[in-house]
Amino acid sequence: YGGIVAAMQRNLKRLIAYSSVSHMGFALMGLFALNVEGIEGSVLQMINHGISTGALFILLGFLYTRRHTYESSQLKGIAKVAPVFAGIFTLVMLSSIGVPGLNGFVGEFLILLGTFMAHRWWAVVAATGVIIAALYLLWAYQRVFHGEPDEANSSFRELRLREGLVLLPFIGLIVFCGVYPKPMTDVINPSVELLLQHVAQSKLL
């Protein structure tokens, strides 16, 4: 539902906000799988969602200071005049979609794996949410960054050095958590194991 509502938005800030609803739906699904894979994926999803969505909102803030609008209908061809800005936006957007090799993939994969083990058909239904997320973010990107810039967008300013330095920690975490998530899962796993033991004991009582 969150993904479908996000796909209908033409205001970029609202689109990202509704995408958060979709991502948190995934996190809840992982929790209710009540197995190690699902809960670990849920925790990772919440952490990675904060990284990716935080970076997207920062980028939208930079965009708003340049054009004073979030409406995709008033934005066009930005990749032609600000390729670095567009490239970083692409990376962060792909991490939010859950492309392998970036942080968003790990949590979503574990959630779907855990849910498939517990409730197979719910996992199949929920997988459509991944497809919808790709659709609404790629549509938004196409409308805003592709094409020829009109007069209002032809003077769109490229990303400044200090703005890039603000985004650098987010980019580092997006790549590191996607390529090597083991340090995070090693920290999360003991707590998840204890939680599941507690749940099992509660069922016995």
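This report concerns the structure included in the present document.

Comments concerning helix α7 (residues 120-145)
An ideal rise of 1.5 Å per residue puts 38 Å on 26 residues; α7 measures up with 38 Å between its terminal C-alpha atoms. A123, A126, G129, A133, A134, Y136, L137, A140, Y141, V144 and F145 are the residues of α7 that are buried. Looking at the buried positions of α7, the neighbouring elements they touch are α1 (2-7), α2 (12-33), α3 (36-67), α4 (78-81), α5 (83-97) and α6 (103-118). Among the residues trailing α7, G147 stands out with phi positive, at a value near 90°.

Side note on empty space enclosed by the protein
Summed over all chains, the structure comprises two cavities of 30 Å³ or more. Roughly 80 Å³ of volume is contained in the largest cavity. Lining the largest cavity we find L12, L15, I16, L60, F89, M93, L137, A140, Y141, V144 and F145. At the level of secondary structure, the elements contributing two or more residues to the lining of the largest cavity comprise α2, α5 and α7. A per-class count over the lining of the largest cavity returns 11 nonpolar, no polar and no charged. Within this model, the second largest cavity holds a volume of roughly 70 Å³. H23, Q45, N48, H49, S52, S95, S96, G104 and E108 are the residues that line the second largest cavity. Take the lining of the second largest cavity: its biggest share by element is four residues, from α3. Across the lining of the second largest cavity, the residue classes tally to no nonpolar, eight polar and one charged.

What counts and how
- Residues numbered from 1 in each chain as written.
- Predicted model: local features only at pLDDT ≥ 70, side-chain atom pairs only at ≥ 80, totals over all residues.
- Heavy atoms only, no water.
- Helix = DSSP H or I, 4+ residues; strand = E, 2+ residues; numbered from the N terminus.
- Expected span 1.5 Å × (residues − 1).
- Buried < 20%, exposed > 50% of the residue type's maximum accessible area, 1.4 Å probe, protein only.
- Contact = heavy atoms within 4.5 Å.
- 1 Å grid on protein atoms, 1.4 Å probe; cavity = no way out; pocket = protein on both sides within 12 Å on 5 of 7 lines; lining within 4 Å.
- Points joined across faces, edges and corners; volume = space filled by probe spheres on them.
- Nonpolar A, V, L, I, M, F, W, Y, C, P; charged D, E, K, R; others polar.

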